[in-house]
Amino acid sequence: MELLSLSAVELSAAVKEGKTTAVEAMKAVLARMEETEDLYHCYLYADREGALRRAQETQEKMEKGELTGPLAGVPVAVKDNLCTRGIPTTCASKILQNFVPAFSAEAVVNLEKAGAVLIGKTNMDEFAMGSTTETSAFGVTRNPRNPDHVPGGSSGGSAAAVAAGECFFALGSDTGGSIRQPASFCGVVGMKPTYGTVSRYGLVAYGSSLDQIGPLCKTVEDCAVILEAISSHDKKDSTSLERKDTDFSSALVKDVKGMRIGIPRDYLGAGLDGQVKDAVWKAAKLLEENGALVEEFDLSLVDYAIPAYYTIACAEASSNLERFDGIKYGYRADAQGLHRMYKATRSQGFGPEVKRRIMLGSFVLSSGYYDAYYLKALKVKAMIKHAFDAAFSQYDCILGPAAPSTAPRLGESLSDPIRMYLGDIYTISANLAGIPGICIPCGESEEGLPIGLQLLGDCFQEKKLIRAAYTYEQLAGVQSAPIVKPLPAKGEKTDVH
Amino acid sequence: MSIEYETVIGLEVHVELATKTKIFCGCSTAFGGSPNAHTCPVCTGMPGSLPVLNRKVLEYAVSVGLAANCSITRFSRFDRKNYFYPDNPQNYQISQLYLPICRDGWVEIDTASGTKKIGIHEIHMEEDAGKLIHDEWDDVSLVDYNRSGVPLIEIVSEPDMRDADEVIAYLEKLRLILQYLGVSDCKLQEGSMRADVNLSVRRKGQEEYGTRTEMKNLNSFRAISRAIEGEKNRQIDLLSEGKEVIQETRRWDDGKETSYAMRSKEDAQDYRYFPDPDLAPVVIGDEFLRQIKSRQPEFRTEKMKRYKEEYEIPDYDIEIITASKHMADLFEATVALGSQPKKVSNWLMGETLRLLKEREADPEDIRFSPEHLAKLIGLVERKDVNSTVAKEVFEVMFQEDVDPEEYVQKKGLMTVSDEGALRKAVEEAIAANPQSVSDYRNGKEKALGFLVGQTMKAMKGKADPGAVNRLLKELL
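What counts, and at which threshold
Residues numbered from 1 in each chain as written. Chains lettered and ligands numbered in written order. Predicted model: local features only at pLDDT ≥ 70, side-chain atom pairs only at ≥ 80, totals over all residues. Heavy atoms only, no water. Helix = DSSP H or I, 4+ residues; strand = E, 2+ residues; numbered from the N terminus. Rg over C-alpha atoms; globule rule 2.2 N^0.38 Å. Buried < 20%, exposed > 50% of the residue type's maximum accessible area, 1.4 Å probe, protein only. Contact = heavy atoms within 4.5 Å. Areas by Shrake-Rupley, 256 points an atom, 1.4 Å probe, with all protein chains shown as cover. Lys, Arg positive; Asp, Glu negative; His and termini not counted. Charge placed at Lys NZ, Arg CZ, Asp CG, Glu CD. Pairing = 2+ DSSP bridges. Axes fitted to C-alpha atoms, helices over the stretch in contact; angles between N-to-C directions. Phe/Tyr/Trp six-rings, centres within 6.5 Å; stacked < 30°, edge-to-face > 60°. Lys NZ or Arg CZ within 6 Å of the ring centre and 35° of its normal. Buried area = accessible area lost by both parts, 1.4 Å probe. Salt bridge = Lys/Arg side-chain N within 4 Å of Asp/Glu carboxyl O. pLDDT = per-residue confidence, 0-100. Expected span 1.5 Å × (residues − 1). Polar contact = N/O pair within 3.5 Å; in protein donor to acceptor, adjacent residues only side chain to side chain. Right-handed = clockwise from strand over helix to strand, strands pointing away. Domains from an automatic or database assignment. Core = buried A, V, L, I, M, F, W, Y, C linked by side-chain atoms within 4.5 Å. 1 Å grid on protein atoms, 1.4 Å probe; cavity = no way out; pocket = protein on both sides within 12 Å on 5 of 7 lines; lining within 4 Å. Points joined across faces, edges and corners; volume = space filled by probe spheres on them.

Caption draft 1: Seen up close, the overall build of chain A. If you tally the helices and strands in chain A, you get 15 helices and 11 strands. A compact globule built from 497 residues should have a C-alpha radius of gyration of about 23 Å, and chain A, at 21 Å, falls within 12% of that. Projecting the C-alpha coordinates of chain A onto the three principal axes gives extents of approximately 65 × 55 × 50 Å. Taking all 497 residues of chain A together, the buried fraction comes to 64%. Pairs at least 24 residues apart make up 76% of the contacts formed inside chain A by residues separated by at least 6 positions. Of the roughly 17,500 Å² of accessible surface on chain A, 50% is carried by carbon and sulfur atoms.

Here it is, written out as structure tokens:
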């Protein structure tokens, strides 16, 4: 049995059936990491000893019948902006390089309760600011589908770890597409739920009103099961919702007959790579052939989403990141006097993209500009929500690409931040409107790079998305199997297994 | 002839609310405790922590707003005030700028020329900061976050006050309202009530306001009065010399009786206020408001009226007793235990006030319980102790809240009612003081007093002076 090609749900079932153990599964993941981490660099911190110990404990609990859920015994990777008690949490930033939290994020606690076993912390864009994982202070992550390309971002380490077989599933966070876009680039499944579905307690905030935690995984079934496990009404998070409809796996039904699917014309217009467009159209046709009602429509305000998003996200970030000042924890520069210390710490501790967004956010909130920028952006946000409300009175799902292209080459994106920001066009509206979105693989480019299909739904309609995505996945055949084939020999690294 | 000036004063009063836990986390608000004992990830600004509003804070703020005749904002929100300082762990303070919880109210004060309404511009909720401790010896600064996240309300008045007396009357009125509501102990010295004074002067009759300054660090009514006087004169002197008042924040140094500029408007910070995305808007429903209204206590004016009708005590007593919620509660509870109102009032107006004054304490500091006061009154009524002993017992009770019955028993202070023992003591006093006896018989009434004293002394004070008097007259 090739353990690493199993989905999370399949693995847990195999452990329960006694075909393997949680420890064996963890060992397989760690062995895989030995082979491939030097190249891919999915992880910032791998807690090898702790992972094996936890796997052993989990195995014992499973044998005693104390853990029976569908994720019990499954090794999981967690994005490094989610607090993990006793395990470093850096947000891929120098300013938090020595930070070890005293508590775990609620989503992580929920996963532990479900019996998933933490491996370590994945690489990301610094404080989730970026679309390529290249803004990490601790080195880039390579796309396992083609190591010359980026894995996307900001949850690039999580998406790459799933694609590389370095975990069975991972958690990411999505503020403007940070789960869906890397899922698209790495050829895995990724989902951002409705805002408030997963507690943000313990997620180091970037844009608090937009941030949501969600799964990156191999199949739609895994996605539903993971989301079910991490969703909870958490009194520690005032924006957490009480939902009684989180039995997401009940939506794993292969049937889209009568489902109304709308494709925004603007989503398939100028700026979209031809191969991506063809793959997305093909996917839409497949759903249509199987009974869905597919049509194009005009979703207004698409062009306003990016400026509104960057205004709001940066404004919140500029305030959220103020606490990193060298006083209480994290990096402190050696400087005399309080203000010099603040200045030196933050100048040295933050990377250029983070500084850019802090400056942008501070500007739009500054007195005299607040109304013109921040308040206006909030109005645009409300209008975008209305546009989606109108669309969802017509359609069950909105279908489109998750990114304008396949994964860019390493080093291509950072030189032109505006272009990088524009790459978020298909994903950020969902964050502004608070609605759920899922990305699943729908083909490959000629270069063999994955292409993702994005489905958006109305608030609380995750089940419709899961149903449509599951149906597509079943019809098209599972396409998100991890790359477990041996690596091509590279440079002086000759001892590849 | 010199120009006449008018002073215009508005106040920003910060009040620490007496909730058990902090405004956005479950940590204790208790004073004392070793540094950072009352902290958690939320009130120390740890990454990933999130604030959750303490409902009690909202209830308290709304009850203050209602008592101050404010309109309650049905849809209010918290905003972040961004500034860097180590006592502020997130480097932003969660406060309310755009939609404060209460607006447009007033309170009435008594002035020399009658009553006057002072407008309340707004009341908003916010969190307190931690404390920096500068260790000069080691040349380091340490931060204690025990106070970080303690709930505050800021009561912002309109610029309706014209002199220090009105300011003090306004502050006393606020303090009374807050104490009656039981939402704060309002101690200026301990910082649970802090007032910043905004002051400007203008020519008498002039419509527009002059340039104002804001004065901080005023921690007693006396300091406030002196600071107002000082600042008024400083501004008038500037204007008389043809100079301008600069809009600035000034710090009052009560020891030196002078203020100095902290920062001017030019270097005022841009706080970049914006709605806190971590906290849901605060929506006040009808039911919530109805509940708070139904729980509003009887305030002083109503209480004074009721006392007049229910208890036969002098108006002056009513005024003093109701000036402190604690004293009024004590009075009512003691009366409820069966003590005669006038007797209770006498103890409060006499011995209690005397001892408070002696110790420079406030009525809020009274420790003894109504049960114990009622017992003491009972002891006197039954003539179990005489009034001198009662006063002695009261002082101990005032100090340590001892049970007077137990105390009298233990110390053997009961009045000796045994006629034989008393007669013997009187006889002994007569025998031992022949000079006084003859003086008395020669018409010197004063000599009787001496003999009473001698008898009391022999009885160690535990005799009913009336009975001693009677026996002496009888035997002489």
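Caption draft 2: Expanded view of the overall build of chain B. Along the backbone of chain B there are 15 helices and 16 strands. For chain B, whose C-alpha radius of gyration is 30 Å, the value lies well above the compact-globule estimate of 23 Å for 476 residues. When its C-alpha atoms are laid out on the principal axes, chain B stretches across 90 × 65 × 55 Å. For chain B, buried positions account for 49% of its 476 residues. Long-range pairs, those at least 24 residues apart, make up 70% of the contacts in chain B between residues at least 6 apart in sequence. Split by element, the accessible area of chain B, about 23,200 Å² in all, is 49% carbon and sulfur. Counting 65 positive and 82 negative side-chain charges, chain B places the centres of these two groups 3 Å from one another.

Caption draft 3: Up close: the sheet that holds strand β5 (residues 189-192) of chain A. Residues and elements named next belong to chain A. If you walk across this open sheet you meet the 11 strands as β1-β3-β2-β4-β6-β5-β10-β11-β9-β7-β8, and the pairing is mixed. At either end of the open sheet lies a strand with only one pairing partner, and these are β1 (43-46) and β8 (293-297). When the angles between neighbouring strand axes are averaged without regard to direction, this sheet yields 30°. Across two bridges, the pairing between strand β7 (residues 260-264) and strand β9 (residues 397-401) is parallel. Bridged to G262 within β9 is I398.

Caption draft 4: Looking closely at the packing of aromatic side chains. Counting across every chain of the model gives 28 aromatic pairs over all chains. Ring centres of Y342 of chain A and F84 of chain B lie 5.4 Å apart, and the angle between their planes is 65°; this geometry places the pair in the edge-to-face category. Of this pair, Y342 of chain A sits in helix α10 (residues 338-349) while F84 of chain B sits in the loop between β4 (79-82) and β5 (92-95), placing the two residues on different chains. Its guanidinium or amino end placed over the ring of Y201 of chain A, K236 of chain A lies 5.2 Å from that ring's centre, counting from NZ or CZ.

Caption draft 5: Spotlight on the interface of chain A and chain B. Contact with chain A, which involves 38 residues of that partner, is made by 32 residues of chain B. In this assembly, chain A packs against chain B so that about 2,700 Å² is buried in total across both faces, 57% of it on carbon and sulfur atoms. When the area that chain A buries against chain B is broken down by residue, the three leading residues are S238, E322 and R323 of chain A, summing to 23%. In this structure, the connection of chain A to chain B is made through two salt bridges.

Caption draft 6: Structural context of the confidence of the model for chain A. Per-residue pLDDT for chain A averages 95, and the proportion of residues at 70 or more is 96%. Every residue in residues 491-497 of chain A is under pLDDT 50, and counting partners more than four places away or in other chains gives five contacts.

Caption draft 7: Examining helix α10 (residues 387-400) of chain B more closely. Residues and elements named next belong to chain B. Between its terminal C-alpha atoms α10 stretches 20 Å, which fits the 20 Å expected from 14 residues at 1.5 Å a residue. Those residues of α10 that fall on the buried side of the exposure criterion are V389, A390, V393, F394, V396, M397 and F398. One side-chain oxygen at the N-terminal end of α10 lies 3.1 Å from the backbone nitrogen of T388; it belongs to N386. Just downstream of α10, D401 is the residue with a positive phi angle, here 50°.

Caption draft 8: Spotlight on the confidence of the model for chain B. Chain-level pLDDT for chain B is 91 on average; 99% of the residues reach the 70-or-more range. In the predicted assembly, ipTM is 0.95 and pTM is 0.90.

Caption draft 9: Examining the pairing of β7 of chain A more closely. Residues and elements named next belong to chain A. With four of five residues buried, β7 lies mostly within the body of the structure. Pairing analysis gives five bridges linking β7 to β8, with the strands arranged parallel. Along β8, the bridge assignment pairs I263 with E296. Since β7 and β8 lie parallel, the crossover through helix α8 (residues 274-289) that links them has a hand, and here it is right-handed.

Caption draft 10: Inspection of the pairing of strand β12 (residues 213-216) of chain B at higher detail. All names here are of chain B. Summarising the sheet, strand β11 (residues 193-203) and β12 pair through three bridges and their orientation is antiparallel. Looking at the pairing, N198 lines up with E214 of β12. When β12 meets strand β13 (residues 248-253), the two strands line up parallel, connected through three bridges. The residue bridging K216 from the neighbouring strand is R251, located in β13. In this fold, β12 hands off to helix α3 (residues 221-240), which returns the chain to β13; that crossover is left-handed.

Caption draft 11: Quick look at the environment of G32 of chain B. Residue position: G32 of chain B is located in the loop between β1 (5-16) and α1 (55-67). Put simply, G32 of chain B and N146 of chain B are 114 residues apart on the chain and 8.7 Å apart in space, counted from C-alpha to C-alpha.

Caption draft 12: How the structure looks around the domain arrangement of chain B. Each domain of chain B was delimited in the assignment, giving domain 1 (5-288), domain 2 (298-411) and domain 3 (419-475). Each of domain 1 of chain B and domain 3 of chain B has a C-alpha centre, and these two points are 65 Å apart.

Caption draft 13: Structural detail: the sheet that holds β4 of chain B. With antiparallel pairing, three strands are arranged side by side in an open sheet as β5-β4-β15 (chain B). Bordering the open sheet on either side are β5 and β15 (274-275) of chain B, each of which pairs with just one other strand. Two elements, β4 of chain B and β15 of chain B, share two bridges in a ladder whose sense is antiparallel. Across the sheet, the residue bridging to D79 of chain B is P275 of chain B, located in β15 of chain B. Against the sheet, helix α9 (residues 302-320) of chain A contacts β4, β5 and β15 of chain B, and its axis sits at roughly 60° relative to β4 of chain B.

Caption draft 14: The arrangement of the nonpolar core in detail. Within the largest apolar cluster, 267 residues are counted, with the highest numbers of intra-cluster contacts made by F127 of chain A together with Y170 and I224 of chain B. The element contributing the most residues to this core is helix α2 (residues 164-181) of chain B, with 12 residues. Formed jointly, this core draws a minimum of three residues from each of two domains, domain 1 (5-288) and domain 2 (298-411) of chain B.

Caption draft 15: Expanded view of the layout of surface pockets. Residue and element names in this part refer to chain B. By volume, the second largest pocket is sized at about 1,500 Å³. Lining the second largest pocket are 44 residues, with E172, K173, L176, R300 and A323 positioned closest to its centre. Counting only elements with at least two residues in the lining of the second largest pocket, the list comes to β6 (102-111), α2, α3, α5 (300-310), α6 (315-322) and α8 (341-358). Tallying contributions element by element places α2 first for the lining of the second largest pocket, with eight residues. The residues that make up the lining of the second largest pocket include at least three from each of domain 1 (5-288) and domain 2 (298-411).

Caption draft 16: Focus on unusual backbone geometry. Here the residue pair G153 of chain A and S154 of chain A is connected by a cis peptide bond, since its omega of 10° sits within 30 degrees of zero. Looking at the secondary structure, you find S154 of chain A in the loop between β3 (117-122) and α5 (156-163). Located in the positive-phi region is E360 of chain B, a residue other than glycine, with phi close to 50°.

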